Amino acid sequence: LILPGVGTFKMGIESLRKVGWYEWIHENIKYISLLGICLGMQLLADEGYEGINEKDEKPIEGLGLVKGSIKRIKRSQSDLRIPHIGWNNVKWKKANSKIAEGIEDNSDLYFVHSYEFKAVNKENILATTKYNEDIVAVVGKEKILGVQFHPEKSQKAGSMILKNFLTL
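Figured I'd write up the structure that's included with this text. What you see is a predicted model; the values in this text were computed from it and never measured.

Looking at the sheet that holds strand β4 (residues 60–61)
Taken in spatial order, the four strands make up an open sheet running β4-β3-β5-β8, and their pairing is mixed. Each of the sheet's edge strands pairs with one partner strand only, and the pair in question is β4 and β8 (115–119). Across five bridges, the pairing between strand β5 (residues 68–72) and β8 is antiparallel. For Gly68, the partnering residue across the bridge sits in β8 and is Ala119.

What follows is the structure in structure tokens.
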């Protein structure tokens, strides 16, 4: 299953619930491989803050498939643009991961996002990118994978990600 996404965390989860995919994913996750792309990756987390007033509202419950929280990228530099749009090098933490086969370390991949995945378990972080600080670029747990970048826009390295996923 490929779970793509463009939009807000709140809208994404509400859409999955509305059409029955939230329940279907939970009922079938042990039988399938799942790749979340961009918002799809973020929806894998336990909770997210995008689409709500963070000061006044509780976080929105995510799919809870990879322990973590989705939070706005910190803007500690005045010249740091949010959303993060463009090409960034990806540093593989787990180079032996099947999803990374045939992809050079520090390959450029294409990002478009304002929120980032804050993983609870560091072993679930397969790759990072530098945007002010290290941001999770790829998460993984068993047959569940998520990529913050858009592989469909990331030329050869992105195509390899999709090909590698299909061989899992």
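Some details on helix α2 (residues 21–28)
Where α2 is concerned, the buried positions are Tyr22, Ile25 and Asn28. Taken down its axis, α2 places every buried residue within 155° of arc, on the same side. Of the surrounding secondary structure, the elements contacted by the buried residues of α2 are α1 (9–19), β2 (34–37) and β4.

Digging into the pairing of strand β7 (residues 107–113)
Of all seven residues making up β7, five are buried, and the element is well covered by its neighbours. Looking at chain direction, strand β6 (residues 84–92) and β7 are connected through seven bridges and run antiparallel. Its bridge partner lying in β7, Val90 is registered against Ser107.

A closer look at the nonpolar core
For soluble globular proteins, nonpolar side chains are generally found buried alongside one another. In terms of nonpolar packing, the biggest core is built from 28 residues, with Ile13, Leu44, Leu63, Leu65 and Phe117 touching the most fellow members. Going through the elements one at a time, α1, α2, α3 (39–42), β8 and β10 (133–141) are the ones with two or more residues in this core. Leaving out residues up to four positions away in the same chain, Ile13 has contacts with Tyr22, Leu43, Ile60, Glu61, Gly62 and Leu63. Among the nonpolar cores identified, the runner-up in size contains 20 residues, and Leu35, Leu126, Val147 and Ile161 belong to it.

Reading the values: rules and limits
Residues numbered from 1 in each chain as written. Predicted model: local features only at pLDDT ≥ 70, side-chain atom pairs only at ≥ 80, totals over all residues. Heavy atoms only, no water. Pairing = 2+ DSSP bridges. Helix = DSSP H or I, 4+ residues; strand = E, 2+ residues; numbered from the N terminus. Buried < 20%, exposed > 50% of the residue type's maximum accessible area, 1.4 Å probe, protein only. Arc of directions from axis to C-beta. Contact = heavy atoms within 4.5 Å. Core = buried A, V, L, I, M, F, W, Y, C linked by side-chain atoms within 4.5 Å.

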